[in-house]
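# Summary of structural features
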Amino acid sequence: MDLLKIFSEIEKIDGEVYERFDTRRRVFRHMAGLGKTITAATMPVMLGAMFNKAYGQTTGLSADIKNTLNLALQLEYLEYYYYDAGLKTPGLIPTADVPAVTIMRDDELGHINALKGVLGADAFPDPTLAAFDYTAGGKLAPFAAAAGYYATAQSLEDTGVRAYKGGAPKLMANKDILTAALNIHSVEARHSSHIRMMRRTLAGSTNGGDIAGGTNNANPKSWVSLRENGGPLPAVTAPIYGPGTTTDFPGEDNVTQATVNVQNTTTYPTVPGVTFTDALKAAAVAEAFDEPLDDLAVKAIARNFRSAVGVGKGLFV
Amino acid sequence: MTDLTSQPTPAPAGLPRRAFLRVAGASAASVGLVLAGCNSTDPLPVVPIDPNLLTLAAGETGLLNYLYLLEQLEAAFYQKVVDAPPADLLPADKAFFADLRDHEVVHRESIRFALAANAYDANRATPLAFNFSTLTLTTRAGVLAAAQQFEDLGVAAYTGAMRLVSTPSMLSFLAKIASVEARHAAFVRDLRTPGSFAGDDVVVNAAPLQSVSLTKTPAQVIEEAKAFFLPIVVSTSLLPTT
């Protein structure tokens, strides 16, 4: 076991790992003192104890943190089983896209494991595939064709991005957990970006997408544009891009940031041959920011995808 | 760093660290002369300020200035591509790059507004010019490689910076930008290498965390980006580290 390599690997994603162990110097002084008594058998135990101290929070997590992480965990299960079910449906996903969907499925499993690790015994139990209804009560047909499958995938990922963002301020009391959640959050955004590109490719689009995703949101940009025309199926997806339950959570078409209407004050560069209209500016300004969503609004969206089994298990309540 | 015993006395807020050390050094050297009888009308020793050193302020102001600098850098890069696209850039690419430029301009201007008089360049006559001489901007491949570098760095910078802020409103503001940078990064990576949107160089595994974004501290980010600021040297020495 190469301890230095382990630390180096962790440092790649967590520059402050040494600070978590008091200080770099102290941890290695500690190690040096123990040198003679460390054996192959005791090393994993010792490492485990160190990680528990650094990240393990099985006791002392506030109700806010537990609730926020458990909602995130339930959303991760929703996504994981969605990708897993799609990959197991023969002929659904175009061969060329199977590696990407596999990456996303595996990332969601990684997020599940990370959240379970932080929550410990407080983690929401694995609800299993049976807990979810991806047709949203018969309104969607996600496993019939790739276009519909990707449309719902985009909806789930964009919900995830807004949910993590909405929950982030509640995690500030624990910087390690905050960082873990925000780092998961940006991976969800990467997924959404790729799904949007797969949707365009499938539709034969080469223009990079239309403002608000065009008619029926069939030609989305790689980023959230205005309210996405209500998403792929507005009856289910409009709230994913709309406002939350309080004025702190405006819809994705919001153009006011840091208390200023950015659309009106932004100094747009002059580009020969291009005239920035207010409509163009509003789209660009709204696209430049992803808006958070509060937990009540997130749960209301997610309950669309809950089966009777999921209701019984208390999903998204 | 929590081992305060090994830290030098912190520089007063607002005074660049190097300048502070120079002041400290000058004082030590000159104190004897002063005691030896220089009269009080003598001018104070003039301490030259390094015009090429940009030391970001302490606290959240410094942190926001750091992100402001990165947004300025990204916006300047995309503006350059939009103004003088490489000959082999596809027509559709130009629309993408215009979007990316717009978003970064919006980020830059929003942060500038938030900083107001605290922006490092609030009193500068001309904006900082960035040095793109290390990049190949005459080919589509070169432009995409550079865009990927900027976007991946931006994602790592925001994820690293957000744990350092102290107010919830500031965290929310930065998080709104962070995920858009991640969307950009995935998009540019896919353009350059299809399917690399969440490559294992940027979405990493290291127990106990899995499939999480690569994170970089301000010092790591500035070190990686230092060529773009030359001859200006940016110091993050006063920025928060916890």
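Further up the page is the structure itself.
Just so you know, these numbers come straight off a predicted model, no measurement behind them. (Residues numbered from 1 in each chain as written. Chains lettered and ligands numbered in written order. Predicted model: local features only at pLDDT ≥ 70, side-chain atom pairs only at ≥ 80, totals over all residues. Heavy atoms only, no water.)

## Examining the interface of chain B and chain A
One frequent convention defines the size of an interface as the accessible area lost when the parts assemble. If you look at the interface, chain B gives 67 residues, while chain A gives 75 residues. Counting each side, the surface lost to burial between chain B and chain A is near 5,900 Å², with a carbon and sulfur contribution of 63%. At the junction of chain B and chain A, the tally comes to 6 salt bridges. Where chain B meets chain A, there are 26 residue pairs in polar contact (both at pLDDT 80 or more). The set of elements that each furnish at least two residues to the side of chain B that touches chain A consists of α2 (59-83), α3 (91-115), α4 (140-162), α5 (168-192), β2 (203-206) and β3 (209-213) of chain B. Here the element with the most residues in the side of chain B that touches chain A is α5 of chain B; it accounts for 18 residues. A per-class count over the side of chain B that touches chain A returns 36 nonpolar, 19 polar and 12 charged. (Contact = heavy atoms within 4.5 Å. Buried area = accessible area lost by both parts, 1.4 Å probe. Salt bridge = Lys/Arg side-chain N within 4 Å of Asp/Glu carboxyl O. Polar contact = N/O pair within 3.5 Å; in protein donor to acceptor, adjacent residues only side chain to side chain. Helix = DSSP H or I, 4+ residues; strand = E, 2+ residues; numbered from the N terminus. Nonpolar A, V, L, I, M, F, W, Y, C, P; charged D, E, K, R; others polar.)

## Considerations on unusual backbone geometry
At the junction of L230 of chain B and P231 of chain B, the peptide bond is cis and its omega measures out at 5° in the coordinates. When you line up the elements, P231 of chain B lands in the loop between α6 (218-225) and β4 (233-235). Even without being glycine, L226 of chain A reaches a positive phi, approximately 50°. Among the secondary structure elements, L226 of chain A is positioned in the loop between α8 (175-202) and α9 (234-241). The exposure class assigned to L226 of chain A is partly exposed, which follows from its relative accessible area of 22%. Look at E228 of chain A: it is not a glycine, yet its phi comes out positive at around 55°. Secondary-structure assignment places E228 of chain A in the loop between α8 and α9. On the accessibility criterion, E228 of chain A (0% relative accessible area) is buried. (Buried < 20%, exposed > 50% of the residue type's maximum accessible area, 1.4 Å probe, protein only.)

## Brief notes about the packing of aromatic side chains
Residues and elements named next belong to chain A. Scanning the model with the defined rule gives 23 aromatic pairs over all chains in all. Here the aromatic rings of Y82 and F143 are separated by 5.6 Å at their centres, their planes lie at 40°, and the arrangement is tilted. Note that Y82 is positioned in helix α5 (residues 63-87) and F143 in the loop between α6 (98-119) and α7 (146-167), a separation of 61 residues in sequence. We classify F143 as partly exposed; its relative accessible area is 29%. (Phe/Tyr/Trp six-rings, centres within 6.5 Å; stacked < 30°, edge-to-face > 60°.)

## Re α6 of chain B
Residue and element names in this part refer to chain B. Of the positions making up α6, those classed as buried are P218, V221, I222 and A225. Projected down its long axis, α6 carries its buried residues within an arc of 95°, all on one side. Turning to α6, the residues buried within the fold contact α2, α4 and β4. (Arc of directions from axis to C-beta.)

## Notes on the pattern of salt bridges
Side-chain pairs of opposite charge can arise where the charged atoms are in close proximity. Applying the stated criterion across every chain, the model contains 24 salt bridges over all chains. One salt bridge connects D84 of chain A with R105 of chain A, and the closest N-O pair in it is separated by 2.6 Å. Here the residue D84 of chain A occupies a position in helix α5, and R105 of chain A occupies one in helix α6, the gap between them amounting to 21 residues. Here the two residues D84 of chain A and R105 of chain A agree in accessibility, since each one is buried. Between D158 of chain A and R196 of chain A there is a salt bridge; the shortest N-O distance is 2.7 Å. Residue D158 of chain A is found in helix α7, and its partner R196 of chain A is found in helix α8; the two are separated by 38 residues along the sequence. For the residue pair D158 of chain A and R196 of chain A, the accessibility class agrees, reading buried in each case. One salt-bridge network, held together by shared partners, links D158, R196, E228 and D290 of chain A together with R183 of chain B.

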